[in-house]
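An overview of the molecular structure
Now for the letters of each chain:
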Amino acid sequence: MGESKSVIVFGADGYIGWPMAMHLSKLGYKVVAVDNLSRRSWDLEGGTYSLIPIASMETRVARWKTETGLDIVWRNLDMCDAEALDALVAEFMPEAVIHFAEQRSAPFSMISREHAVRTQVNNIVGNLNLLYSLHSIVPECHLIKLGSMGEYGSPNIDIEEGYITIEHNGRSDTLPFPKVPHSFYHLSKVADSQNIHFASRVWGLRATDLNQGVVYGVQTEETAMHPELFTRFDFDSIWGTALNRFCVQAAVAEPLTIYGRGGQTRGYLDIRDTMACITLTLENPPNMGECRVFNQFTEQFSLNELASVVSAAREKIGLQTDVVHLPNPRVEAEEHYYNPKHTALLDLGLKPHFLSDTLLTSVIEIVEAYKGNVDPVLLEVPSVDWRTGGNEIWEKYANRDAFKFNAEKTAKLVESLRR
Ligand SMILES: NC(=O)c1ccc[n+]([C@@H]2O[C@H](COP(=O)([O-])OP(=O)(O)OC[C@H]3O[C@@H](n4cnc5c(N)ncnc54)[C@H](O)[C@@H]3O)[C@@H](O)[C@H]2O)c1
């Protein structure tokens, strides 16, 4: 299938990147795993952590070799370092690159001006550097870029897969779908999408922009092989998804906290389907000069529906769950039309898993096993407020007794991760 084809996975220390690197290695691809460990340093800075302990990249890669006999090449590299990126691409001459390596939290991007700037510089510069490296060194390489369904926002019309044909004043054209995103983070993704589209038009680059929904679950065939191959599980109010937070709140006997009226509807998918979608994308590349857009999710839920799915799954094992509604710290529609198309990946052969069938095994049982690691402060509300920022939360998390790093120790740890 992927016999000896070279693929670079950027963001390979992350929640999705690490399982993806293993998945492709097992399929026979020559995988180069790249990350600058910034996510681990942001955790240290802000006092957050993965509920499930995760091994270092060195340990993961060694464990993978022991379990499977397969090599994953590991490189600590910042995508904002253009020279290092060029050297890496020239060394491995990849047939495809999968780009996960961004600051991916909407609340993080809304904490303060500094966090918004850091998010946009990291994401937009890293992506732009990659476009230049591909153009100048491997112009036929397939760029698979992780975008987000949040780029579209929640318009009062059907959301198409990337493009829309518009009739205007008697003329017609097919154009990138208009985007009204929800945060400075999502705006960085919109800028990436525009830059990728431009590079395809002007340089003839081939790219697939995957507008991904919210991913859940931590169990793939590969992560389940050994605890040192586990991937991260975020649950705090900065990095955790609503679904992860709900499952953790329920596990520690706290009510599920829905922001606002709870009609906010988003697309979701199981991490095993993420693996399948990206593999299908890789195996079915676009033509040169084509910038393909897929909406990558399998089901959609409002927050109220999500809370009901969690409650129902827990009820099956005799556990009771309470739900409360809180003032919404975000600025977003709390009741809205939502009908995004998502047929392209199904047409390529995707066979989805469904949340109500798998929630118990994919999330709830895992959270139950690790609930002793939960620091309830990380579930405290309100979260980062879109109108006023969230410096207080950031500082409260970082300085709390249960996670106190003195400044010097934290600085050293962050430095050692950056190397
Ligand atoms: N997790 C989701 O539900 C979800 C949903 C939609 C889209 N996405 C997108 O998928 C991608 C992966 O998400 P994730 O949840 O695995 O995130 P993650 O934070 O767990 O992983 C991202 C990784 O990228 C690395 N990184 C960040 N900036 C970098 C840089 N400049 N150079 C090198 N490495 C860098 C981080 O250290 C981290 O390990 C992201 O682009 C995210 O926006 C994720």
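Residues numbered from 1 in each chain as written. Predicted model: local features only at pLDDT ≥ 70, side-chain atom pairs only at ≥ 80, totals over all residues. Heavy atoms only, no water.

**Let's talk about the side chain of Asn122**
Relative to the helices and strands, Asn122 is located in helix 6 (residues 113–137). Under the relative-accessibility criterion, Asn122 is labelled buried at 15%. Excluding residues within four positions of it along the chain, Asn122 makes contact with Trp42, Asp78, Cys80, Ala101, Glu102 and Gln103. (Helix = DSSP H or I, 4+ residues; strand = E, 2+ residues; numbered from the N terminus. Buried < 20%, exposed > 50% of the residue type's maximum accessible area, 1.4 Å probe, protein only. Contact = heavy atoms within 4.5 Å.)

**Some details on the site of the ligand**
Close contacts around the ligand come from 27 residues, with Tyr15, Asp35, Asn122, Tyr185 and Lys189 the closest. Separating an oxygen atom of the ligand from a backbone N or O atom of Gly14 is a distance of 3.3 Å. Between the ligand and the protein, one listed contact pairs an oxygen atom with a backbone N or O atom of Tyr15 at 2.8 Å. Its free accessible area being 820 Å², the ligand has 97% of it covered by the protein chains. Among the elements of the structure, helix 2 (38–46), strand 5 (142–148), helix 7 (184–203) and strand 9 (214–216) are those that each provide at least two residues to the shell around the ligand. For the shell around the ligand, the per-class residue count stands at eleven nonpolar, eight polar and eight charged. (Near = heavy atom within 4 Å. Polar contact = N/O pair within 3.5 Å; in protein donor to acceptor, adjacent residues only side chain to side chain. Areas by Shrake-Rupley, 256 points an atom, 1.4 Å probe, with all protein chains shown as cover. Nonpolar A, V, L, I, M, F, W, Y, C, P; charged D, E, K, R; others polar.)

**Some thoughts on a negative patch on the surface**
A contiguous patch of negative charge, built from Asp78, Asp81, Glu83 and Asp86, is present on the exposed surface. By the secondary structure assignment, Asp78 is in the loop between strand 3 (72–76) and helix 4 (82–92). Taking relative accessible area as the criterion, Asp78 reaches 32% and is therefore assigned partly exposed. (Patch = residues over 30% accessible without salt bridge, like charges linked within 9 Å, V, L, I, M, F, W, Y side chains within 5 Å. Salt bridge = Lys/Arg side-chain N within 4 Å of Asp/Glu carboxyl O. Lys, Arg positive; Asp, Glu negative; His and termini not counted. Charge placed at Lys NZ, Arg CZ, Asp CG, Glu CD.)

**Some words on the side chain of Ser6**
Its location among the elements puts Ser6 in strand 1 (residues 6–10). Using a relative accessible area of 5% as the deciding quantity, one classes Ser6 as buried. There is a polar contact of 3.3 Å between the side chain of Ser6 and the backbone oxygen of Phe92. The contacts of Ser6, once residues within four sequence positions are left out, are Lys30, Phe92, Met93, Pro94, Glu95 and Ala96.

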